[in-house]
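# Notes for the structure review
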Amino acid sequence: MIRRHEILRTCITAVVIGIVLAAIYALWLRYQVEPLTRDGKVRADLVPIAADVSGLITEVRIHDDEVVRKGQILLVIDRPRYRLALDQAEANLATQRVVLAQAMREDRRNQAMPELLAAEVIEQGHARVESLRTALGQAVAARDLARLNLERTYVRAPVDGTVSNMTLQPGIYLNAGKPAVALVYDHSLRVEGYFEETKLPAVHVGDPASVYLMGVADEIRGHVESIAAGVEDRERGGGDAQLANVNPSFTWVRLAQRIPVRIAIDYLPPNARLIPGQTATVVIHDRPGNKPVHRSLPW
Amino acid sequence: MIEELHLFGIYMPAALVWASIAGLLAYWLRNLLQHIPHYELLWHPGVLELALFALLWWGLTLLADNFLPRAWVS
């Protein structure tokens, strides 16, 4: 009787331990294996816009957070100065034309009477015409450059986008090449989820994904567009053509790296707004036909 | 799937919240467990409580993932 009692007790305990293990396994699958992350960000490409010519800003045609079209004029830089430069180049060109015309007349006259003039003088006149012709070419190029500069005093939007963090005012001096306005390229809006490397085997390009923005209940649907080709190796320093500089310390407790996975947006609920920098939760759904990847045991 | 809960301006991992609730529930259900017949048949009553906690945690997670409207918690 005592013996039966003990066997029963052992069995029940074993069953209960089995239940504990099964529940822990289910919890592990749900929280550690399923490909989802709370660490996602809305991102977009930023287009820094720089003026091609230096000068004072004479007109600011945009305001902060304005949506602009490709080719729209954003800023106008000191047009009077560049117009004067064009005038000067045109005047130079006219002078060159006059000088060349005179030299050509002289040359024609000289060549008409070779018996009166030394061959050297005729040659010199001919050479003068040739050199003036190249000088005319230079003057034409200088005029075209001045015209181009004048055109470039209009700073235009290179892509469709939204102006962000714009503080320019008329009167500010802009240097050529220095970014003045940042444009958020609207067509490049996407969500990037940073997935732990342990979850990556379950992520495939093309898998459907759900994105939930912080504070927004509606689901944004998308699909996996690409997976980052690499992340920085933080254990290793040293550049190209140098010896590897590997960190000598190796921690006992390690954390999985996070790899950016790019989610293209397919459906945005009405009134939802994507702002680069927003936090998002990304859930990736399995697609039938995905080849299962063998993981380390027991999952 | 509910991965994050919004509690008074703080976003917490759902796992933490469900585990806390499961822990409280398991603690409360302990008293009931002690009244089931043949409780003495258990070798280690603590194991049963652990099983109860794990099942509650898993059950809460499953229920929340499938039935909890996201608008309530995000």
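The sections below set out a description of the structure shown in this document. (Residues numbered from 1 in each chain as written. Chains lettered and ligands numbered in written order. Predicted model: local features only at pLDDT ≥ 70, side-chain atom pairs only at ≥ 80, totals over all residues.)

## Digging into the overall build of chain A
The helix and strand inventory of chain A stands at three helices and 16 strands. A compact globule built from 299 residues would reach a C-alpha radius of gyration of about 19 Å, whereas chain A, at 36 Å, exceeds it by more than 25%. Overall, chain A is about 150 × 50 × 40 Å in size when its C-alpha atoms are taken along their principal axes. Across the 299 residues in chain A, those meeting the buried criterion constitute 17%. (Helix = DSSP H or I, 4+ residues; strand = E, 2+ residues; numbered from the N terminus. Rg over C-alpha atoms; globule rule 2.2 N^0.38 Å. Buried ≥ 20, exposed ≤ 12 C-beta atoms within 10 Å, placed from the backbone.)

## Topic: the packing of helix H1 (residues 2–33) of chain A against helix H2 (residues 45–67) of chain B
Helix packing geometry: the angle between the two helix axes and the distance between the axes. Packing of H1(A) against H2(B) brings their axes to within 9 Å, and their N-to-C directions diverge by 30 degrees. Considered as vectors, H1(A) and H2(B) are oriented roughly parallel to each other. As H1(A) packs across H2(B), the resulting crossing turns out to be left-handed. On H2(B), the residues touching A:Thr13, A:Val16, A:Ile17, A:Ile19, A:Val20, A:Ala23, A:Ile24, A:Ala26, A:Leu27 and A:Arg30 of H1(A) are B:Val47, B:Leu48, B:Leu50, B:Ala51, B:Ala54, B:Leu55, B:Trp57, B:Trp58 and B:Thr61. Across the contact of H1(A) with H2(B), the residue classes tally to 16 nonpolar, two polar and one charged. (Axes fitted to C-alpha atoms, helices over the stretch in contact; angles between N-to-C directions. Parallel < 35°, antiparallel > 145°, perpendicular 65-115°, else oblique. Left-handed = near helix turned anticlockwise from the far one by under 90°. Contact = placed C-beta atoms within 7 Å. Nonpolar A, V, L, I, M, F, W, Y, C, P; charged D, E, K, R; others polar.)

## Quick look at the nonpolar core
Residues and elements named next belong to chain A. By size, the foremost hydrophobic cluster in this structure holds 20 residues, and its most contacted members are Ala51, Leu74, Leu75, Ile77, Val155 and Leu183. Listing elements by their share of this core, those giving two or more residues are strand S5 (73–77), helix H2 (79–112) and strand S9 (179–185). Listed in part, the 16 residues of the second largest apolar core include Ala209, Ile220, Val224 and Ile284. (Core = buried A, V, L, I, M, F, W, Y, C linked by C-beta atoms within 7 Å.)

## Some thoughts on the interface of chain B and chain A
Counting from both sides, the interface comprises 21 residues of chain B and, opposite them, 24 residues of chain A. A per-element tally of the side of chain B that touches chain A places H2(B) first, with nine residues. Of the residues belonging to the side of chain B that touches chain A, the class tally is 15 nonpolar, three polar and three charged.

## Structural notes on H2(A)
Residue and element names in this part refer to chain A. Between its first and last C-alpha atoms H2 spans 49 Å; for 34 residues at 1.5 Å apiece the expected length is 50 Å, and the two agree. Turning to H2, its buried residues number three or more, namely Tyr82, Leu86, Ala89 and Gln96. In this structure, the buried residues of H2 make contact with helix H3 (119–152). (Expected span 1.5 Å × (residues − 1).)

## Examining the environment of A:Val129
Residue and element names in this part refer to chain A. Within the secondary structure, valine 129 sits in helix H3. You can call valine 129 partly exposed: it has 18 C-beta atoms within 10 Å. Spatially, the C-alpha atom of valine 129 lies 78 Å from that of phenylalanine 250, the residues being 121 residues apart in sequence. Ignoring anything within four residues of it in the chain, the contact list for valine 129 reads Ala103, Met104 and Asp107.

## Some remarks on the packing of helix H1 (residues 14–33) of chain B against H2(B)
All names here are of chain B. The geometry of H1 relative to H2 is characterised by a closest axis approach of 8 Å and an angle of 135 degrees between their N-to-C directions. Between H1 and H2, the angle falls in the class oblique. When the axes of H1 and H2 are compared, the crossing they make is right-handed. Listed contacts from H2 to Ala14, Trp18, Ala19, Ile21, Ala22, Gly23, Leu25, Ala26, Leu29, Arg30 and Leu33 of H1 are Leu48, Glu49, Leu52, Phe53, Leu56, Trp57, Leu60, Thr61 and Ala64. In the contact of H1 with H2, the residues fall into 16 nonpolar, two polar and two charged.

## Observations regarding the sheet that holds S9(A)
Read across the open sheet, the four strands follow the order S2-S9-S7-S4 (chain A); overall the sheet is antiparallel. Every interior strand has two partners, whereas the edge strands, strand S2 (46–50) and strand S4 (67–68) of chain A, have only one. (Pairing = 2+ DSSP bridges.)

## Comments concerning the environment of B:Ile36
Within the secondary structure, B:Ile36 sits in the loop between H1 and H2. Sequence separation of B:Ile36 and B:Gly59 is 23 residues, and the distance between their C-alpha atoms is 22 Å.

## Concerning the pairing of strand S16 (residues 279–284) of chain A
Residues and elements named next belong to chain A. Here strand S1 (residues 36–43) pairs with S16 via four bridges, running antiparallel. Considered in S16, the bridge of leucine 36 is made with valine 283. Looking at chain direction, strand S11 (residues 208–213) and S16 are connected through five bridges and run antiparallel. What sits directly across from valine 211, in S16, is valine 282.

## Considerations on the pairing of strand S7 (residues 161–164) of chain A
Residue and element names in this part refer to chain A. Across two bridges, S4 lies against S7 in antiparallel orientation. By the bridge assignment, valine 68 is partnered in S7 with glycine 161. Pairing analysis gives four bridges linking S7 to S9, with the strands arranged antiparallel. Paired with threonine 162 across the two strands is valine 184, which belongs to S9.

## Description of the sheet that holds S1(A)
Residues and elements named next belong to chain A. Strand order in the closed barrel formed by six strands is S1-S10-S15-S12-S11-S16, with antiparallel pairing between adjacent strands. Going across the sheet, the axis of each strand differs from the next one's by a mean of 40 degrees, ignoring polarity. Looking at chain direction, strand S10 (residues 190–196) and strand S15 (residues 258–267) are connected through six bridges and run antiparallel. Bridging across to S15, phenylalanine 195 finds its partner in isoleucine 259.

By themselves, these figures tell us nothing about what the structure is for.
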